[in-house]
Amino acid sequence: MQKIAAIDTHTGGEPTRVVFAGCPDLGGGPMRERADRLQGRGDWFRQALIREPRGCDWIVGAALQTPTSTESTAGVIFFNNAGCLGMCGHGLIGVVEAMAYRALIAQGTHRFETPAGMVTATLHDNRDVSFENVESYRLHKDVEVQLAGDESITGDVAYGGNWFFLAAVESLAGASTDELSGRCRAIREALGAQHVCGANGAEIDHIELFAPPTNNNRAESRNFVLCPGGQYDRSPCGTGTSAKLACLAADGRLAPGARWRQESIVGSVFEATYALSPNGVAPTITGRAFVTGEVTFILDDDDPFRFGIAAGGR
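Scoring rules and cut-offs
- The numbering scheme is per chain: residues are counted from 1 as the chain's sequence reads.
- Confidence filtering applies because this is a predicted model: local features only for residues at pLDDT of at least 70, side-chain atom pairs given and counted only at 80 or more, and all residues used for totals across whole chains, interfaces and linings.
- To get the side-chain values, take all heavy atoms of the structure and skip hydrogens and water.
- Put simply, DSSP H or I for four residues or longer makes a helix, DSSP E for two residues or longer makes a strand, and each gets a number counted from the N terminus.
- We compute the radius of gyration from the C-alpha atoms alone; for a globule the expected value is 2.2 Å times N to the 0.38, where N is the number of residues.
- When a residue's accessible area, from a 1.4 Å probe over protein chains only, is under 20% of the maximum for its type it is buried; when over 50% it is exposed; and in between it is partly exposed.
- For this analysis, residues touch if any pair of their heavy atoms sits within 4.5 Å.
- Each accessible area is a Shrake-Rupley result for a 1.4 Å probe, and residues are judged covered by the shown protein chains and nothing else.
- The charge count includes Lys and Arg as positive and Asp and Glu as negative, but it does not include His or the ends of the chains.
- By convention, the charge on Lys lies at NZ, on Arg at CZ, on Asp at CG and on Glu at CD.
- We define a salt bridge as a side-chain nitrogen of Lys or Arg found within 4 Å of a carboxyl oxygen belonging to Asp or Glu.
- What counts as a ring pair is set by centres within 6.5 Å for rings of Phe, Tyr and Trp (its six-membered ring), and what kind of pair is set by the plane angle: stacked under 30 degrees, edge-to-face over 60, tilted for all other angles.
- Ring-over charges, as used throughout, are those where CZ of Arg or NZ of Lys falls within 6 Å of the ring centre and within 35 degrees of the ring normal.
- An arc is given here, and it is the one of the directions from the helix axis to the C-beta atoms.
- DSSP calls a pair of strands paired once it identifies at least 2 bridges connecting them.
- A 3.5 Å cut-off defines polar contacts: any pair of N or O atoms within that distance qualifies, except that in protein one atom must be a possible hydrogen donor and the other a possible acceptor, and neighbouring residues in sequence count only when both atoms are side-chain atoms.
- Put simply, a nonpolar core is a bunch of buried Ala, Val, Leu, Ile, Met, Phe, Trp, Tyr and Cys residues held in one set by side-chain atoms that sit within 4.5 Å of each other.
- To estimate how far a helix should reach, multiply one less than its number of residues by 1.5 Å.

Undergrad: Got a minute to help me understand the overall build of the protein in this structure?
TA: A tally of helices and strands in the protein yields 5 helices and 17 strands. Relative to the 2.2 N^0.38 estimate, which gives 20 Å for 314 residues, the radius of gyration of the protein is 19 Å and therefore close to what a compact globule would have. Judged by the C-alpha coordinates and their principal axes, the protein covers about 55 × 45 × 40 Å. Relative to its 314 residues, the protein shows a buried fraction of 53%. Intrachain contacts of the protein at a sequence separation of at least 6 include 63% that bridge at least 24 residues. Carbon and sulfur atoms make up 46% of the accessible area of the protein, which amounts to about 13,300 Å² in all. If you average the places of the 27 positive and of the 37 negative side-chain charges in the protein, the two averages end up 3 Å apart.

Right, here's the structure in full:
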């Protein structure tokens with residue numbers, strides 16, 4: 001039997017499974033290289049934690065790693081039902097909360113190495129967490145994408161630690177999450193068919209729709225974000241909010257240091273600001289996570305589903 005020690009959290013409604021022990025040995029080097037190894041020879045680990053019967057499609061995993069620098073608090077590799085992620089904002093907030101719960105870190109500022117780069121997070125005395133994300137920027141403005149029939153949608157391509165297509169819609173009210181997910185999947189498929197990519201041909205695997213907020217939270221905007229693997233983000237999405245800030249800054253619609261409150265499809269809110277950086281913006285996102293469980297998972301050699309149930313039930 002193999003044991004995996006984890007703490008489950010949620011940030012704005014979106015779960016993170018933070019793994020402290022039991023991750024396969026991924027060797028040394030940058031987190032990007034370790035993420036590639038996890039995606040390769042260690043993918044059984046991701047599948048065991050994210051797939052049923054232990055997991056579900058909307059859980060994001062975070063495997064803690066020994067950092068490459070003594071100045072870093074930890075390395076972390078994020079993964080979901082589709083594979084590894086470059087960065088995950090709600091997940092990093094969950095990591096900070098889980099480490100604080102275990103008394104591994106105290107209030108103050110901590111550095112985390114991610115596949116997307118170095119990210120700094122601050123644990124405040126009220127348990128809020130602010131993280132300064134990797135440099136974010138807009139690559140393309142007003143890209144028109146042809147959908148089924150004669151319909152089209154126009155949006156921006158931007159990077160916030162992951163690649164996003166961001167489009168404004170009239171409203172998110174009245175549509176079910178299934179309907180919104182289907183529309184976002186159609187947009188993502190159209191982007192691929194029309195060869196709309198991020199830098200260096202990177203796949204745009206996150207779709208973000210924006211609409212006016214509910215006004216319950218005094219937010220500036222409400223969003224719906226479809227993540228790789230087909231699940232929507234219950235939180236306002238930290239990397240998506242970073243990409244949004246990059247677009248707002250490029251359009252001159254938000255000044256450096258000004259606050260932006262981003263509401264999620266479930267009503268949770270992140271507060272965000274940015275500073276200018278050489279090629280875009282340096283976003284700071286603030287939110288809060290809560291511990292929901294402390295778990296030791298067991299992979300029994302006799303269990304036919306110890307590595308999870310694959311799509312289609314096999």
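Having seen the model, we can carry on.
Undergrad: I would appreciate a short explanation of the pattern of salt bridges in the present structure.
TA: Oppositely charged side chains are able to pair whenever their charged atoms sit close together. Here the structure, examined in full by the defined rule, presents 11 salt bridges. Where Lys141 meets Asp142, a salt bridge forms, and the shortest distance between an N and an O atom there is 3.9 Å. Here Lys141 falls in the partly exposed class, since its relative accessible area comes to 44%. For Asp142, a relative accessible area of 48% puts it in the partly exposed group. Between Arg261 and Glu271 there is a salt bridge, with its nearest N and O atoms 2.7 Å apart. Taken together, the residues span a long stretch of sequence, with Arg261 in strand E14 (residues 260–263) and Glu271 in strand E15 (residues 269–277) at a distance of 10 residues. Overall, Arg261 belongs to the buried group, its relative accessible area being 13%.

Undergrad: Just to check I follow, could you spell out the packing of aromatic side chains for this structure?
TA: For any pair of aromatic rings, the description rests on two quantities: the centre-to-centre distance and the angle between the ring planes. The final tally for this structure, using the stated rule, is 7 aromatic pairs. Among the aromatic residues, those joined into a ring-pair cluster are Trp44, Phe45, Phe79 and Phe307. Positioned over the ring face of Phe20 is Arg102, at 4.3 Å from the centre of the ring. One residue, Arg234, lies across the ring of Tyr232, its end atom 3.9 Å from the ring centre.

Undergrad: What's the story with helix H1 (residues 31–39) in this structure? I'm lost.
TA: In an α-helix, one full turn covers 3.6 residues, which means residues spaced three or four apart are oriented alike. Along H1, the positions that sit buried rather than exposed are Met31, Arg34, Ala35 and Leu38. In a view along the axis of H1, the buried residues occupy a sector of 105°, so they form one face of it. Tucked inside the fold, the buried residues of H1 contact helix H2 (43–50), strand E3 (60–65), strand E4 (74–79), strand E5 (84–85) and strand E6 (108–114).

Undergrad: Hey, could you run me through the pairing of strand E13 (residues 221–226) in this one?
TA: Successive residues of a regular strand alternate their side chains across the two faces of the sheet. Counting buried positions over the 6 residues of E13 gives 6, a clear majority of the element. Every second residue of E13 is oriented toward a common face, with Ser221, Asn223 and Val225 on one face and Arg222, Phe224 and Leu226 on the other, all of them buried. The sheet contact formed by E13 and E14 spans 2 bridges and is parallel. The residue bridging Arg222 from the neighbouring strand is Glu263, located in E14.

Undergrad: What am I meant to see in the side chain of Thr114 here?
TA: Mapped onto the elements of the fold, Thr114 is located in strand E6. We classify Thr114 as buried; its relative accessible area is 5%. A distance of 2.7 Å separates a polar atom in the side chain of Thr114 from the backbone oxygen of Gly117. Those residues in contact with Thr114, other than ones at most four positions away along the chain, are Met31, Val76, Phe78, Gly86, Met87 and Val119.

Undergrad: I keep staring at the nonpolar core and nothing clicks. Help me out?
TA: As a rule of thumb, soluble globular proteins bury nonpolar side chains together. Ranked by size, the top nonpolar core spans 61 residues in total, and within it Phe78, Leu92, Val95 and Phe165 carry the most contacts. With 6 residues, helix H3 (residues 89–101) is the largest single contributor of residues to this core. Core analysis: the next-biggest nonpolar cluster, separate from the first, contains 18 residues, Ile4, Ala6, Ile59 and Leu299 among them.

Undergrad: Would you take a moment to explain H3 for this structure?
TA: Between its first and last C-alpha atoms H3 spans 19 Å; for 13 residues at 1.5 Å apiece the expected length is 18 Å, and the two agree. Within H3, 11 of the 13 residues are buried, which leaves it mostly tucked inside the rest of the structure. Where H3 ends, the next residue or the one after it, Ala103, has phi of about 60°, a positive value.

Undergrad: What should I look at first to understand unusual backbone geometry in this one?
TA: The omega angle of the peptide bond from Glu52 to Pro53 is 10°, so this bond is cis rather than trans. Summarising the element assignment, Pro53 is placed in the loop between H2 and E3. For Asp142, which is not glycine, the phi torsion reads 55° and is therefore positive. The topology assignment puts Asp142 in strand E9 (residues 137–146).

Undergrad: Looking at this structure, I do not really get the environment of Gln65. What am I missing?
TA: Relative to the helices and strands, Gln65 resides in strand E3. C-alpha of Gln65 to C-alpha of Gly28: the two residues are 37 residues apart in sequence and 9.3 Å apart in space. A distance of 3.3 Å separates polar atoms of two side chains, one belonging to Gln65 and the other to Arg34.

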